[in-house]
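# Observations on the model geometry
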Amino acid sequence: MLDQSKNTQAVLEIDMEMNVREIWGRCLTKIRDNINAQSYRTWFEPIVPLKYEHKILTIQVPSQFFFEWLEEHYIDLIKRTIRHVLGTETQLVYSIVVVDNPLESCTVNIPTSAHGHGAKNPLVSLPIQSGKEPINHFVIPGLKKASIDPQLNPNYTFDNFIEGECNSLARTSGSTIAATPGQTSFNPIFVYGGVGLGKTHLIQAIGNEVKRYHPHKVVLYVSAERFVSHFVDSVRSNNLSAFLAHYQLVDVLIVDDIQFLASKDKTQDNFFHVFNQLHQKQKQIILAADCAPKDLKNIEERLISRFKWGLSVELCPPSVGTRMEILRKKMYQDGISLPDEIIEYIAHNVSSNIRELEGVVISVLAQSSLQRKEIDLNMVKAVVKSLVRQHDRELSIETITNEVSLFFKLEVELLKDKTRKREVVQARQVAMYFAKELTNTSLKTIGSYFGGRDHSTVIHAVQTVNDLVDTQRDFRNQVEEIRKRLKVITA
């Protein structure tokens, strides 16, 4: 009889568990239809239904902060949903998981009658069953937002950020974020690209624009190295809670060179908690690195996963036109003027990054001042030769395209056109092939350069050229001749 009683109780418990899952599933179906997908994933998928009996629905939430957020932002939706699914007399009980403590619970009466309409949420007390206060690492009395220096360079603005095909998506996304930080799907925004392509300028420009639109917002720019140093100092001084609170008070957190968190496990762990807290509060997170999230080395997978939550956008090397615009802007700021032929020469021969481009201009000005000579093309050529590595100076997509077009006796613009003429398609494929082989340009950027095509077109072009080289002697000779011409340029 005793065994039979135990079996009956076990069956009842299983039925009850299945019932509460079914009930909560019906609630979630209605909730999902009333909020966006990201909010649903963040705030409702982690909830675990525990039991439903005597008109009391008990659900488990991951933290006290999680409970408070639901109460502040979604209580009306939860009320309406439970009223519809379970009736007007239902009560909701939260079981709150607190780190290092047993489950703690609080009861919220859901007013579902006509009297309850429009009433304020009842005050909720948290009876602590474990005898300990809930843990909250982020409450430091007396720490004021006004005390946080944004660490922004006022010279980094959108006004002096030259927009081109290489950065237009990042620039547009940054403007959108600055207008409504934390309120777009671009959270976090992860900006990546090679050295000297304007990542720091862009992310600080977003911060400066936020301050212009929203003076009350707390913005903080910090390098990953500075974040690590700050963390180490807080551990040494036994003041980790103040460290965490400092970052939790920020409305817009900008972290540069995030790759420098590599192999620093403790710092990564605390950055993970900072990230979660800010993201849950819909604060804006802006990150920059030298590579895409998937290519980061020695960074925890859970962090990489979060870096991919929002928008990842690449900054690519600027085109010749964009480089000329950058040069003109730089010279205007410095109050100097140079002939167009010099601007064009520098733009065509310095293609690796913006920093190197500006370095050449500074060196030319220094040479002119020291030698007390007017700037001419010979002086510029000498400076470029001494400062810029040969392959960086010459081999760009533009240079390759020019050589291929010249070889096949076609206009350069035809290779970027939508035409499907056989001779144009083949020349375009050869240019893509050499751009992939001889430059560090991404497949996406190569495709974009040739008339806005996607990366799969570039992959197909490279494979086609390889196949033709293997099977057609005449075509192979043509490719080798073009290769020789490109080698002459870099010799």
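Cut-offs and rules
- Residues numbered from 1 in each chain as written.
- Predicted model: local features only at pLDDT ≥ 70, side-chain atom pairs only at ≥ 80, totals over all residues.
- Heavy atoms only, no water.
- Helix = DSSP H or I, 4+ residues; strand = E, 2+ residues; numbered from the N terminus.
- Buried < 20%, exposed > 50% of the residue type's maximum accessible area, 1.4 Å probe, protein only.
- Areas by Shrake-Rupley, 256 points an atom, 1.4 Å probe, with all protein chains shown as cover.
- pLDDT = per-residue confidence, 0-100.
- Contact = heavy atoms within 4.5 Å.
- Expected span 1.5 Å × (residues − 1).
- Phe/Tyr/Trp six-rings, centres within 6.5 Å; stacked < 30°, edge-to-face > 60°.
- Pairing = 2+ DSSP bridges.
- Axes fitted to C-alpha atoms, helices over the stretch in contact; angles between N-to-C directions.
- Salt bridge = Lys/Arg side-chain N within 4 Å of Asp/Glu carboxyl O.
- Core = buried A, V, L, I, M, F, W, Y, C linked by side-chain atoms within 4.5 Å.

Attention now goes to the overall build of the protein chain. Summing up its helical and strand segments, the protein chain has 21 helices and nine strands in all. Split into buried and exposed, the 491 residues of the protein chain put 46% on the buried side. Approximately 26,000 Å² of the protein chain is accessible, and the part contributed by carbon and sulfur atoms is 50%.

Interpreting fine coordinate detail is not advised for predicted regions of low pLDDT. In this model, the protein chain carries an average pLDDT of 79, and 82% of its residues clear a pLDDT of 70 or more. Overall, residues 4-17 carries pLDDT values under 50, and its contacts beyond four positions in sequence, including any with other chains, amount to three contacts. The low-confidence segment residues 98-146 (pLDDT under 50) makes 91 contacts with residues lying over four places distant or belonging to another chain.

Every α-helix winds through 3.6 residues per turn, so residues three or four apart in the chain are directed the same way. For helix α4 (residues 75-86), built from twelve residues, the straight-helix expectation of 16 Å at 1.5 Å per residue is met to within 8% by its first-to-last C-alpha distance of 16 Å. Two residues or fewer past α4, G87 is found with a positive phi of approximately 100 degrees.

Counted according to the given criterion, the structure contains 15 aromatic pairs. With 5.7 Å between their ring centres and 35 degrees between their planes, F190 and F307 make a pair best called tilted. Here F190, found in strand β5 (residues 189-193), pairs with F307, found in helix α10 (residues 301-307); they are 117 residues apart in sequence, far enough to count as distant. The same class applies to F190 as to F307, namely buried. Between F227 and Y247 the ring centres are 4.9 Å apart and the planes differ by 55 degrees, which places this aromatic pair in the tilted class. Of this pair, F227 sits in helix α7 (residues 224-236) while Y247 sits in helix α8 (residues 240-248), and the two are 20 residues apart along the sequence.

For D251, the position within the fold is in the loop between α8 and β7 (252-256). Exposure remark for D251: the relative accessible area of 6% places this residue in the buried category. Separated by 32 residues in sequence, D251 and K283 place their C-alpha atoms 5.1 Å apart.

If you walk across this open sheet you meet the five strands as β6-β7-β8-β5-β9, and the pairing is parallel. The sheet is open, and its two borders are formed by β6 (219-223) and β9 (311-315), each paired with just one other strand. Taking each pair of neighbouring strands and ignoring which way they run, the sheet shows an average axis angle of 15 degrees. Here β7 pairs with strand β8 (residues 284-289) via four bridges, running parallel. Looking across to β8, one finds that V252 is bridged to Q284. In the packing of helix α5 (residues 168-179) onto the sheet, the strands contacted are β5, β8 and β9, and the crossing angle to β9 comes to about 135 degrees.

It is worth spelling out unusual backbone geometry at this point. Following N187, the chain continues into P188 via a peptide bond in cis, with omega recorded as 5 degrees. In this structure, P188 sits in the loop between α5 and β5. Phi at D257 takes a positive value of approximately 55 degrees, unusual for a residue other than glycine. Among the secondary structure elements, D257 is positioned in the loop between β7 and α9 (265-280).

Looking now at the pattern of salt bridges. Tallied over the entire structure, the rule returns eleven salt bridges. For R302, the salt bridge identified is with E300, shortest N-O distance 2.6 Å. Here R302 falls in the partly exposed class, since its relative accessible area comes to 30%. You can call E300 partly exposed: its relative accessible area is 22%. Between R328 and E325 there is a salt bridge, with its nearest N and O atoms 3.9 Å apart. Taken together, the residues span about one helical turn, with R328 and E325 both in helix α11 (residues 320-334) at a distance of three residues. By relative accessible area, E325 is classed as partly exposed at 40%.

Because side chains alternate across β9, one face comprises the buried residues L311, V313 and L315, and the other comprises S312 and E314, none of which is buried. Bridging between β5 and β9 involves five bridges; their strand directions are parallel. In the strand pairing of β9, G193 is matched with L315.

Turning next to the nonpolar core. If you look at the biggest cluster of nonpolar residues, it comprises 35 residues, and the most contacted ones within it are L253, I258, F271, L287, L296 and F307. Sorting the residues of this core by element identifies β5, β6, α7, α8, β7, α9, β8 and α10 as the ones contributing at least two each. The element contributing the most residues to this core is α9, with five residues. For I258, the contacting residues outside a window of four places in its chain are F190, A224, F271, L287, A288, A289, L296, I299 and F307.

Here we come to the environment of G182. Examined against the element boundaries, G182 turns out to sit in the loop between α5 and β5. Along the chain, G182 and H279 lie 97 residues apart, while their C-alpha atoms are 8.1 Å from each other. Once you skip the residues sitting within four places of it in the chain, G182 turns out to touch N187, Q282, K283 and Q284.

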